[in-house]
Amino acid sequence: MILTALANGSQHGYGIIIDVREISGGRVRLRAGTLYSALDRLRADELIGVDREEVVDGRLRRYYRLTPAGTTRLDLSGGMAT
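What you see is a predicted model, and the numbers here were worked out from it, not measured in a lab.

Asks: Break down the overall build of the chain for me, citing the residues and quoting the values.
Replies: Within the chain, the regular secondary structure consists of four helices and three strands. For the chain, the succession of helices and strands along the chain, N to C, is α-β-α-α-β-β-α. A principal-axis box enclosing the C-alpha atoms of the chain has dimensions of 40 × 30 × 20 Å. Counting all 82 residues of the chain, 34% fall into the buried class. Looking at the chain as shown, the accessible area adds up to about 5,200 Å², and 46% of this sits on carbon and sulfur atoms.

Asks: Let's hear about the side chain of S24: which residues, and what values?
Replies: The residue S24 is located in the loop between helix 2 (13–23) and helix 3 (32–44) in this model. Residue S24 is classed as buried on the basis of its relative accessible area of 1%. Among the polar contacts made by the side chain of S24, one reaches the main-chain carbonyl oxygen of R21 at a distance of 3.1 Å.

Asks: Report on the pattern of salt bridges, specifying residues and quantitative values.
Replies: Within the structure shown, the criterion is met by two salt bridges. Between R62 and E53 there is a salt bridge whose closest N-O contact spans 2.6 Å. Given the relative accessible area of 29%, R62 is considered partly exposed.

Asks: Lay out the pairing of strand 3 (residues 59–66) in plain terms, naming residues and giving numbers.
Replies: Where strand 1 (residues 11–12) lies against strand 3, two bridges are found, and the strand directions are antiparallel. Bridge assignment links H12 to a residue of strand 3, and that residue is Y63. Bridge analysis of strand 2 (residues 48–56) against strand 3 gives eight bridges, and the strand direction is antiparallel. Residue E54 lies in a different strand from strand 3, and its bridge partner there is R61. In this structure, the hairpin formed by strand 2 and strand 3 is closed by a connection of two residues, where D57 is found at a positive phi of approximately 50°.

Asks: Go over the nonpolar core with me, naming the residues and quoting the values.
Replies: In terms of nonpolar packing, the biggest core is built from 17 residues, with I2, L3, L6, I16, L35, L39 and I48 touching the most fellow members. Elements with a minimum of two residues in this core: helix 1 (2–5), helix 2, helix 3 and strand 3. No other element matches helix 3, which puts four residues into this core.

Asks: Describe the packing of aromatic side chains, naming the residues involved and giving the relevant values.
Replies: Counted according to the given criterion, the structure contains zero aromatic pairs. For the cation-ring pair, R52 lies above Y63, with the distance from its terminal atom to the ring centre recorded as 3.8 Å.

Asks: Give me the lowdown on the sheet that holds strand 2, citing residues and values where you can.
Replies: One open sheet holds the three strands; their spatial order is 1-3-2, and the pairing between them is antiparallel. With partners counted over all chains shown, the strands left at the sheet margins are strand 1 and strand 2, one partner each.

Definitions and cut-offs
- Per chain, residue numbering runs from 1 following the sequence as it is written.
- The predicted nature of this model means local features are confined to residues of pLDDT at least 70 and side-chain atom pairs, given and counted, to a pLDDT of 80 or more, with totals for whole chains, interfaces and linings taken over all residues.
- Side-chain measures here rest on the full set of heavy atoms in the structure, leaving out hydrogens and waters.
- Only runs of H or I of at least four residues qualify as helices and only runs of E of at least two qualify as strands under DSSP, and these elements are numbered from the N terminus.
- Categorising residues by exposure relies on relative accessible area from a 1.4 Å probe, with only protein chains included: less than 20% of the type maximum marks a residue as buried, more than 50% marks it as exposed, and the intermediate range marks it as partly exposed.
- Method for areas: the Shrake-Rupley scheme with a 1.4 Å probe, in which residue coverage is limited to the protein chains shown.
- Each polar contact in these results corresponds to two N or O atoms within 3.5 Å; when the atoms are within protein, one needs to be able to donate a hydrogen and the other to accept it, and residues that are neighboring in sequence are counted only if both atoms are side-chain atoms.
- Here a salt bridge means any side-chain nitrogen of Lys or Arg lying within 4 Å of a carboxyl oxygen belonging to Asp or Glu.
- For two strands to count as paired, DSSP must find a minimum of two bridges between them.
- We call a set of buried residues a nonpolar core when its members are Ala, Val, Leu, Ile, Met, Phe, Trp, Tyr or Cys and they connect through side-chain atoms within 4.5 Å of each other.
- Aromatic pairs are defined between Phe, Tyr and Trp rings, using the six-membered ring for Trp, whenever the two ring centres lie within 6.5 Å; interplanar angles under 30 degrees are classed as stacked, those over 60 as edge-to-face, and all others as tilted.
- Counting as a charge over the ring demands two things of the Lys NZ or Arg CZ atom: a distance within 6 Å of the ring centre and an angle within 35 degrees of the ring normal.

Just geometry here; none of it tells us what the structure is for.
Here it is in structure tokens:
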């Protein structure tokens, strides 16, 4: 679902949490720790990458995007990768 959330463009962590909740019809509610562990694994597998970073209210906000491999994985899963 994280890959699906990134299909329309780069997102920061909170945006991904909200998109996954919407995609799942409210059935999946990611917690920050769970999300960032998953993002680390997806980065290690080269399915996502960091698009950019910015500081907002003194805090670093990192935006993630699909890589070509992530897009391929999402396409192979019929648009709903987990």
